[in-house]
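# An overview of the molecular structure
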Amino acid sequence: SGDVVHVNPLWFPEFPPELLAVLRDRARTLAIDAQGFLRRAGDDGTLALVDWDEKTRWLPLVDVLKVDTNEARVLTGLEGREAASALGAMGARQVLLTHASGGGLWDGADWSEFAFGPYALESRTGRGDTFTAAYLVAAARRMSGPDAVRFAAEITTRKLQYPGPFRG
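To start, this report covers the structure provided alongside it. (Residues numbered from 1 in each chain as written. Predicted model: local features only at pLDDT ≥ 70, side-chain atom pairs only at ≥ 80, totals over all residues. Heavy atoms only, no water.)

## Overview of the overall build of the protein
- Scanning the protein for helices and strands turns up seven helices and eight strands.
- Radius of gyration (C-alpha) of the protein: 15 Å, near the 15 Å computed for a compact globule of 168 residues.
- The C-alpha extent of the protein, read off along each of the three principal axes, is 40 × 35 × 30 Å.
- The burial tally for the protein puts 42% of its 168 residues in the buried class.
- In the protein, once contacts between residues fewer than 6 apart in sequence are set aside, the share between residues at least 24 apart is 59%.
- Accessible surface, the protein as shown: approximately 8400 Å² in total, 53% of it carbon and sulfur.
- For the protein, the distance from the average position of its 19 positive side-chain charges to the average position of its 22 negative side-chain charges is 6 Å. (Helix = DSSP H or I, 4+ residues; strand = E, 2+ residues; numbered from the N terminus. Rg over C-alpha atoms; globule rule 2.2 N^0.38 Å. Buried < 20%, exposed > 50% of the residue type's maximum accessible area, 1.4 Å probe, protein only. Contact = heavy atoms within 4.5 Å. Areas by Shrake-Rupley, 256 points an atom, 1.4 Å probe, with all protein chains shown as cover. Lys, Arg positive; Asp, Glu negative; His and termini not counted. Charge placed at Lys NZ, Arg CZ, Asp CG, Glu CD.)

## Some words on the nonpolar core
- Membership of the largest hydrophobic core comes to 25 residues, with the highest contact counts inside it found for Val7, Leu20, Ile32, Trp52, Leu65 and Val67.
- Residue assignment for this core shows that the elements contributing at least two residues are helix 1 (19-24), strand 2 (27-33), helix 2 (35-38), strand 5 (64-68), helix 4 (69-76), helix 5 (80-89) and strand 6 (94-99).
- The biggest single contributor to this core is helix 5, with three residues.
- Not counting residues up to four positions away in its chain, the partners in contact with isoleucine 32 are His6, Val7, Leu20, Phe37, Trp52, Leu59, Val62, Val64, Leu65 and Lys66.
- Judged by nonpolar contacts, the second largest core, of 15 residues, contains Ala31, Phe116, Val149 and Ile155. (Core = buried A, V, L, I, M, F, W, Y, C linked by side-chain atoms within 4.5 Å.)

## Comments concerning helix 4
- When we look at burial in helix 4, the residues that qualify are Glu71, Ala72 and Leu75. Down the axis of helix 4, the buried set is contained in an arc of 100°. They therefore lie on one face.
- Measuring from the backbone nitrogen of asparagine 70 back to the side-chain oxygen at the start of helix 4 gives 3.0 Å, which picks out aspartate 68 as the cap.
- Looking at the residues trailing helix 4, positive phi occurs at glycine 77, about 80°. (Arc of directions from axis to C-beta. Polar contact = N/O pair within 3.5 Å; in protein donor to acceptor, adjacent residues only side chain to side chain.)

## Section: unusual backbone geometry
- Backbone torsion omega between phenylalanine 12 and proline 13 reads 5°, so that peptide bond is classified as cis.
- Here proline 13 lies in the loop between strand 1 (2-7) and helix 1.
- Even without glycine at this site, arginine 142 takes up a positive phi of about 70°.
- Following the sequence through the fold, arginine 142 ends up in the loop between helix 6 (127-140) and helix 7 (145-159).

## Some thoughts on helix 6
- For helix 6, spanning 14 residues, the distance from its first C-alpha to its last is 20 Å, which sits close to the expected 20 Å at 1.5 Å a residue.
- Those residues of helix 6 that sit buried are Arg127, Gly128, Thr130, Phe131, Thr132, Ala134, Tyr135, Leu136 and Ala138.
- Of the residues one or two after helix 6, arginine 142 is the one with positive phi, at around 70°. (Expected span 1.5 Å × (residues − 1).)

## Some remarks on the pairing of strand 7 (residues 102-106)
- With five of its five residues buried, strand 7 lies for the most part within the structure.
- Both faces of strand 7 are covered, namely the face carrying Gly102, Gly104 and Trp106 and the face carrying Gly103 and Leu105.
- Hairpin remark: strand 6 followed by strand 7, antiparallel, with two residues in the connecting loop.
- Where strand 7 folds back onto strand 8 (residues 111-115) in an antiparallel hairpin, the turn is made up of four residues, including glycine 108, whose phi is positive at roughly 100°. (Pairing = 2+ DSSP bridges.)

Set out below in structure tokens:
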């Protein structure tokens, strides 16, 4: 058991969705990254995002769902705040949505969004992972939703100044 469990697979079916029910019983906060439930490998080795057929079955178990703009569009057909709200209506209690210039939180009632500052890296690899991890740490420390999103945007901006893992 744990206070916070974050499921962040790279592609489907690396993590069987059925295990979410097991984790739900053992975690105070269950967070997932949508990429591992949408990203599918084709026979030719290419990766594509495919809607998650069972999303309405599994999202009600999730406290924090992290999506980027493309994943949100695949899941809902919508963009931004509207996509996050729709995902909340499907059952996720909180939705973190990242995009090139920042990230936001739908908490079931309100939308909070903060921009990333300028960053040096051209690649966005790790941006969403850093944002999610920072948000989960801030939320576990009982920061309000808007403060936790602001903290996550600040940490992500700092991390994107250099390649590799966050060094503080």
